[in-house]
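This is what each chain is made of:
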Amino acid sequence: MSKIEFKAAFGDEIKDVELSQPNGGGSGYHILVDKFYRGSIHQSIGGWRVDFNTDQFTAADADILIDLVAQVN
């Protein structure tokens, strides 16, 4: 299982972020912020795709997460 952990600023707060591959999850990653599920990153024919389950993230946030995952794979 591959896992990427880091701290990120959310306004004035610093939160723990974890990108982890679930067992049997194929080439996808779950996005956890302070242990809460916030979306997924998965590889498709066109490249990596990020699906957030909240609107608090931007396309720039997705690009950063894709860059992190691409470095590991």
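Residues numbered from 1 in each chain as written. Predicted model: local features only at pLDDT ≥ 70, side-chain atom pairs only at ≥ 80, totals over all residues. Heavy atoms only, no water.

Participant: Summarise the packing of aromatic side chains; cite the residues concerned and give the values.
Facilitator: Counted under the stated rule, the structure contains three aromatic pairs. Taking 6.0 Å as the distance between ring centres and 80° as the angle between the ring planes, the aromatic pair formed by Phe10 and Phe57 counts as edge-to-face. In this pair, Phe10 sits in strand S1 (residues 3-10) while Phe57 sits in the loop between strand S5 (47-52) and helix H1 (59-72), placing the two residues 47 residues apart along the sequence. For Phe57, a relative accessible area of 15% corresponds to the buried category. Between Tyr29 and Trp48, the aromatic rings sit 6.2 Å apart at their centres with planes inclined by 55°, giving tilted as the arrangement. Of this pair, Tyr29 sits in strand S3 (residues 29-33) while Trp48 sits in strand S5, placing them 19 residues apart in sequence. Connected via pairs of aromatic rings, a cluster forms that spans Phe10, Phe52 and Phe57. The ring of Phe10 carries the charged tip of Lys15 above its face, separated from the ring centre by 5.5 Å. (Phe/Tyr/Trp six-rings, centres within 6.5 Å; stacked < 30°, edge-to-face > 60°. Helix = DSSP H or I, 4+ residues; strand = E, 2+ residues; numbered from the N terminus. Buried < 20%, exposed > 50% of the residue type's maximum accessible area, 1.4 Å probe, protein only. Lys NZ or Arg CZ within 6 Å of the ring centre and 35° of its normal.)

On their own, these measurements won't tell you what the molecule is for.
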